[in-house]
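A structural walkthrough
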Amino acid sequence: MAPTDKTQTQKKSGRSAISDVITRDYTIHLHKYVHGATFKKKAPKAVKVIKEFAKKHMGTEDVRVDPLLNKEIWKQGVKGVPHRMRLRISRKRNDEEGAKHNLYSYVQAVNVPTTKGLQTQVVEEEQ
């Protein structure tokens, strides 16, 4: 019986899924992430958690937060962070010269009447 060579694998042709430009809507449960944080650090921690969430789900190191999202987090003060938020995270190409990363994520707030029962959705981008 001939030994099988496991080192030879078939290479997939095509491009990486990470390189795709895509937009998705997520619901993030901020309350569980900021639970136990000092009152004066809840809103800053929420911003950091949102950045980590986008980094993890979009696979980009460069995450940019929309100023309106920042206002939405801070609307009720430093310790009144919303329990859940609907976020639209877009992975975009970085066209700046000398950019460190090819792609970046842009996070925006989505206004919805209630966040209950909403699933992650791929959003069609209008161009």
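Everything below is about the structure shown above.
**Points about the packing of helix H2 (residues 42-58) against helix H3 (residues 67-74)**
Running from amino to carboxyl end, H2 crosses H3 at an angle of 140 degrees, the nearest separation of the two axes being 10 Å. Of the possible angle classes, the one that applies to H2 and H3 is oblique. Our pair here, H2 against H3, has a crossing hand that is right-handed. Residues Ala43, Pro44, Ala46, Val47 and Ile50 of H2 pack against Leu69, Asn70, Ile73 and Trp74 of H3.

**Considerations on the environment of aspartate 62**
Tracing the backbone shows aspartate 62 in strand S2 (residues 62-65). Sequence separation of aspartate 62 and histidine 101 is 39 residues, and the distance between their C-alpha atoms is 7.1 Å. Not counting residues within four places of it along the chain, the set of residues in contact with aspartate 62 comprises Asn94, His101, Leu103, Tyr104 and Ser105. Within the local environment of aspartate 62, its side chain forms a polar contact with the side chain of arginine 64, the two groups lying 3.0 Å apart.

**Thoughts on the side chain of lysine 42**
If you trace the backbone, lysine 42 turns up in helix H2. Ignoring any residue separated from it by four or fewer positions in sequence, one finds lysine 42 in contact with Val34, Ala37, Val78, Lys79 and Val81.

About the criteria used
Residues numbered from 1 in each chain as written. Predicted model: local features only at pLDDT ≥ 70, side-chain atom pairs only at ≥ 80, totals over all residues. Heavy atoms only, no water. Axes fitted to C-alpha atoms, helices over the stretch in contact; angles between N-to-C directions. Helix = DSSP H or I, 4+ residues; strand = E, 2+ residues; numbered from the N terminus. Parallel < 35°, antiparallel > 145°, perpendicular 65-115°, else oblique. Left-handed = near helix turned anticlockwise from the far one by under 90°. Contact = heavy atoms within 4.5 Å. Polar contact = N/O pair within 3.5 Å; in protein donor to acceptor, adjacent residues only side chain to side chain.

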